[in-house]
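Notes for the structure review
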Amino acid sequence: QVQLVESGGGLVQPGGFLRLSCAASGFTFSLYVMNWFRQAPGKERELVATISSTGGRTSYVDSVKGRFTIARDNAKNTVYLQMNSLKPEDTAVYYCRAIGRNEYWGQGTQVTVSS
């Protein structure tokens, strides 16, 4: 059974940080490109960050460059999103996605940035 389980979301003050994790199982994680998406209320889902299957290449949406870092540990079947200098506009549900031979999505984790 394929699973992507996100964790690490929560409430944080502006300027704070969070580290999201996405644990994968049921497929060959190391063969898949991994993404983090987010969806704010009333907005479309947005691609935030991408990491290649080996971890050698990463890319980010302009609004998070220099603040967010995507990483993966293929030995642990886990992808991470380190989020620093958080802003209220980063508030959203964050989802991980695996894309390769098939496409899999996690259930999402809520991130709220507010004072």
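Attention here is on the structure that accompanies the text. (Residues numbered from 1 in each chain as written. Predicted model: local features only at pLDDT ≥ 70, side-chain atom pairs only at ≥ 80, totals over all residues. Heavy atoms only, no water.)

**Quick notes on the environment of Gln3**
Just so we agree on the cut-off: Comment: elements are numbered from the N terminus, with helices defined as DSSP H or I runs of at least four residues and strands as E runs of at least two. The classification of residues rests on relative accessible area computed with a 1.4 Å probe and restricted to protein chains. Under 20% of the type maximum is buried, over 50% is exposed, and intermediate values are partly exposed. In what follows, residue pairs with any heavy atoms lying within 4.5 Å of each other are defined as contacts.
Of note, Gln3 is situated in strand E1 (residues 3–7). On the accessibility criterion, Gln3 (39% relative accessible area) is partly exposed. In this structure, the C-alpha to C-alpha distance between Gln3 and Ser59, residues 56 residues apart in sequence, is 24 Å. Once you skip the residues sitting within four places of it in the chain, Gln3 turns out to touch Ala23, Ala24, Ser25 and Phe27.

**Things to note about the nonpolar core**
Put simply, the test is: To define a nonpolar core, start from buried Ala, Val, Leu, Ile, Met, Phe, Trp, Tyr and Cys residues and group those joined through side-chain atoms within 4.5 Å.
Ranked by internal contacts, the top residues of the largest apolar core, which has 29 residues, are Leu4, Trp36, Val79, Leu81, Met83 and Tyr94. For this core, the secondary structure elements donating two or more residues are strand E3 (18–25), strand E4 (33–39), strand E5 (46–51), strand E7 (68–73), strand E8 (78–83), strand E9 (92–99) and strand E11 (109–113). Those residues within four positions of Met83 in sequence are excluded, and the remaining contacts are Gly16, Phe17, Leu18, Leu20, Arg67, Phe68, Tyr94 and Val111.

**Here we look at the pairing of E7**
What counts here: Pairing between strands is defined by DSSP: at least two bridges between the two strands are required.
Where burial is concerned, the two faces of E7 differ: the one with Phe68, Ile70 and Arg72 is buried and the one with Thr69, Ala71 and Asp73 is not. Hairpin geometry of E7 and E8 is characterised by an intervening segment of 4 residues between the two adjacent antiparallel strands and by a positive phi of about 55 degrees at Asn77.

**Description of the packing of aromatic side chains**
Cut-off, in case you're wondering: Centres within 6.5 Å are what make two rings of Phe, Tyr or Trp a pair, Trp counting through its six-membered ring; a difference in plane orientation under 30 degrees is then read as stacked, over 60 as edge-to-face, and the rest as tilted.
Within this structure, the stated rule accounts for 6 aromatic pairs. Summarising the aromatic geometry, the rings of Phe27 and Tyr104 are spaced 4.9 Å apart at their centres and angled 40 degrees between planes, so their arrangement reads as tilted. Of this pair, Phe27 sits in the loop between E3 and E4 while Tyr104 sits in strand E10 (residues 103–105), and the two are 77 residues apart along the sequence. You can call Phe27 buried: its relative accessible area is 13%. Overall, Tyr104 belongs to the buried group, its relative accessible area being 18%. When the ring of Phe37 is compared with that of Trp105, the centres are 4.8 Å apart and the planes differ by 50 degrees; the resulting orientation is tilted.

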